[in-house]
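Chains, contacts and geometry: an overview
One-letter residues, chain by chain:
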Amino acid sequence: MRRVLYVQEALNFNPGNLEFVDFIYGLGNFRITAVFLDKIAEERNDEKIWETAAMQAGSKMTVPQKSFHQKVSEDNIQRFIEACYARDIPYDILRESTGVLKYILQESRYADLLILDMASYKAAFPSYFAEDLLRNAECPVLVMPLAFEGIEELVFTYDGTLSSVYAVKQFTYLFPQMCNYKTAVVCINPEQVAEADWNKFREWMFASYARVEFLYAEGNVDDELVELLHKRDHPFIIMGAYGRGIVSGFLRPSHANLVIQLTSEALFIAHPKRTDHEEDIGSV
Amino acid sequence: MRKIIIAFDGTHLSNGAFELARRLNEHERILVLGLFIPEIDFSQPTVELEGEGIYQPYNAYVEEDKIDDHIRIFENNCRKHGIEYITQKTRLPYHIRELAKECRFADLLILSIQKFYEHLRLGEPNEYLRDVLHDTECPVVVAPDKFDYPAHIILAYDGSRSSVYAIRMFSYIFPDLCTLPTTLVYAAVKKQSEIPDQNYIQELAGRHFSDLTFLLLEGRKTDELHAWLQSIAKPMLVTGAFGRSGLSNLFRKSFSTNFISDYRYPVFIAHN
């Protein structure tokens, strides 16, 4: 059984997210540990968020703000419990209010996967919290799609580096049931990868996935990735190649289109602790 | 379908290594690359070939007929058990770096090369060999010449990222072995009363291993560890960074010095 962390702001729980959690749960033998965070929302101190959260949770703002926050959070957690119960999803609940990032990073060492709902961070984009988490998590991170309407195909990014193969492998070990999905491998500037490596990678992909097609483009990595990804239908994007660049370039305005495009879809990011021996390929 | 590499040294055809692959194939179909390496070059490029533990490149006579026989036996075994296979006889000189690179595009490397095992068994592996094991881009099983299919799993845990990663990877690659009796051992260097982050590792390992017990070995009680290890039949050791903090001194000593006799078992190493 795999241990999955689902990280979520207690005040911003969106029941629609359970559709995606349910989908992931249905893929294998997972147990969901939901981590409800207090601290991030409190730091932002935005009245409108409380009002919206209150409406969504069906609560009324008749109590002092602090206890009101607590009540909304508890209502949301209760909704999560009920939703899991209705869908027969096994779960645990953890609630944390201090040392949030350090705490989640420690949890990530002892987890197979971390599911992150970025919806609430996008308003305050760029988000230092999300960047730190993506950079330092010790297990693969799955960013939830904005609106989940099923997965039509898997889209792997590949550039020949250790990181790109690492992410493909980690995804495959976690979701072996997806090997029959339509699969695209996207590579920008493929001539930068040695022919021998291409052959070995193709052999591995064809052994692991039933329906693989390779898509190539030449030019600027950001632009071409956005262009290629934009054409995909309900993709599950696996970022190994370019992933480290995406994370480290999170705060650069030039990456905004790419990051927004990526974080609107289901996005799987994994990178090894060690860095690539190879040169960085592409401009990301 | 998983891609497994078995690296043979040409003169030994390990039954244990093939058996591991065969059992893996029963659980999920595998593609196995039989890599026959007559002699491996352990030399460190750009460093003078002197000093302890560094091997001179080998240019001596290679028993080609014997290697060809072994390739035929391997192919027959694969066909007999319905395993998809590729065989490759490497050219000389074959450098160990080439082997590490081959692993980027594989899910597991089974090293059935006696020199590797002897390096691990007869004391600390030299720095370079240790680095190569760590550079290998997929998990590695360093296999002795002969061993039985594992009946007990020993997880060497020290609270480090590397040791937890190894435990996770082992469960992904060998799910069928996760139902065996498993002991998570924390071999403390100092006197210590607790396993680090015990609740956390219990949460994770408890999900993956169905018959799991915890063992804390305190201080420098090597005898205790040896006695315990000898009581375990057909073990397989799972470890992170070999020779660094991942495998504590206590564990390494017991592995290397007290089992020079016939007591041999495979070691699974994963490092990210």
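Notes on the overall build of chain B
The helix and strand tally for chain B stands at nine helices and twelve strands. Within chain B, contacts between residues separated by at least 24 positions form 86% of all contacts whose residues are at least 6 apart in sequence.

Some details on the overall build of chain A
Each helix and strand in chain A was counted, giving twelve helices and ten strands. Every one of the 284 residues in chain A was classed for burial, and the buried ones make up 42%. Considering only intrachain contacts with a sequence separation of at least 6, the fraction spanning at least 24 residues in chain A is 86%.

Structural notes on the interface of chain A and chain B
Each partner contributes to the interface: chain A provides 22 residues, whereas chain B provides 18 residues. Put simply, the parts of the chain that give the side of chain A that touches chain B at least two residues each are strand S1 (2-9), helix H8 (162-174) and helix H9 (195-208) of chain A. Ranked by residue count, the leading element in the side of chain A that touches chain B is H9 of chain A, at six residues. Each residue belonging to the side of chain A that touches chain B can be placed in one class, and the counts come to ten nonpolar, one polar and eleven charged.

Description of helix H10 (residues 221-230) of chain A
Where H10 of chain A is concerned, the buried positions are Val221, Asp222 and Leu225 of chain A. The arc enclosing the buried residues of H10 of chain A, seen along the axis, measures out at 95°, which places them on a common side.

Here's the deal with the domain arrangement of chain A
For chain A, the assigned domains read domain 1 (2-143) and domain 2 (153-269). Mapped by element, the contributors of at least two residues to the side of domain 1 of chain A that touches domain 2 of chain A are helix H7 (128-136) and strand S5 (141-143) of chain A.

A word on the nonpolar core
Grouped together as the largest cluster of nonpolar side chains are 142 residues, with contacts concentrated most on Leu114, Ile115 and Ile238 of chain A together with Ala21, Ile110 and Val238 of chain B. Here this core gets eight residues from one element, more than from any other, and that element is helix H6 (residues 161-173) of chain B. Not counting the four nearest positions on each side in its chain, Ile115 of chain A is found in contact with Val4, Leu5, Tyr6, Val7, Val21, Ile24, Leu142 and Met144 of chain A.

A word on the packing of helix H5 (residues 100-109) of chain A against H7 of chain A
For any two helices packed against each other, the geometry is given by the interaxial angle and the distance between the axes. All names here are of chain A. It is at 10 Å that the axes of H5 and H7 come closest, and there the two elements cross at 25°. As summarised for this structure, H5 and H7 are arranged roughly parallel, according to the angle between their axes. Crossing of H5 against H7: the hand is right-handed. Mapping the contact onto sequence places Leu101, Ile104 and Leu105 in H5 and Phe129, Asp132, Leu133 and Asn136 in H7. For the contact of H5 with H7, the residue count by class is five nonpolar, one polar and one charged.

Quick notes on the confidence of the model for chain A
Residue and element names in this part refer to chain A. With 77% of its residues at a pLDDT of at least 70, chain A reaches an overall mean of 80. Predicted confidence in chain A is weakest over helix H2 (residues 39-44), with a mean pLDDT of 48, and strongest over strand S8 (residues 211-217), with 94. Segment residues 277-284: pLDDT under 50, and 20 contacts once partners within four positions in sequence are set aside and those in other chains are kept.

Describing the pairing of strand S4 (residues 113-116) of chain A
All names here are of chain A. The alternating pattern of S4 places Leu113 and Ile115 and Leu114 and Leu116 on opposite faces, both of which are buried. In this sheet, S4 lies alongside S1 in parallel orientation, the contact comprising four bridges. Paired with Val7 across the strands is Leu116, a residue of S4.

Quick look at the pairing of strand S2 (residues 30-36) of chain B
Residue and element names in this part refer to chain B. Buried residues dominate S2, accounting for seven of its seven residues. The two faces of S2 match: Ile30, Val32, Gly34 and Phe36 on one face and Leu31, Leu33 and Leu35 on the other face are all buried. As judged from the seven bridges shared by strand S1 (residues 2-8) and S2, these two strands associate in the parallel manner. By the bridge assignment for S2, Lys3 is matched with Leu31. Each parallel crossover has a hand, and for S1 linked through helix H1 (residues 15-27) to S2 it is right-handed.

Focus: the sheet that holds strand S7 (residues 140-142) of chain B
All names here are of chain B. Overall, mixed pairing links the ten strands, which are arranged S4-S2-S1-S6-S7-S12-S11-S8-S9-S10 in an open sheet. Whereas interior strands pair on both sides, the edge strands pair on one side only; in this sheet they are strand S4 (84-89) and strand S10 (211-217). Strand-to-strand, the axes of this sheet are offset by a mean angle of 20°, without reference to chain direction. Helix H2 (residues 64-80) rests against S1, S2 and S4 of the sheet, and its axis sits at about 170° to S4.

Looking at H5 of chain A
Within the sequence span of H5 of chain A, burial applies to Ile104, Glu107, Ser108 and Arg109 of chain A. Its buried side turned inward, H5 of chain A meets S1, strand S2 (30-37), S4 and H7 of chain A together with H6 of chain B.

Parameters and conventions
- Residues numbered from 1 in each chain as written.
- Chains lettered and ligands numbered in written order.
- Predicted model: local features only at pLDDT ≥ 70, side-chain atom pairs only at ≥ 80, totals over all residues.
- Helix = DSSP H or I, 4+ residues; strand = E, 2+ residues; numbered from the N terminus.
- Contact = placed C-beta atoms within 7 Å.
- Buried ≥ 20, exposed ≤ 12 C-beta atoms within 10 Å, placed from the backbone.
- Nonpolar A, V, L, I, M, F, W, Y, C, P; charged D, E, K, R; others polar.
- Arc of directions from axis to C-beta.
- Domains from an automatic or database assignment.
- Core = buried A, V, L, I, M, F, W, Y, C linked by C-beta atoms within 7 Å.
- Axes fitted to C-alpha atoms, helices over the stretch in contact; angles between N-to-C directions.
- Parallel < 35°, antiparallel > 145°, perpendicular 65-115°, else oblique.
- Left-handed = near helix turned anticlockwise from the far one by under 90°.
- pLDDT = per-residue confidence, 0-100.
- Pairing = 2+ DSSP bridges.
- Right-handed = clockwise from strand over helix to strand, strands pointing away.

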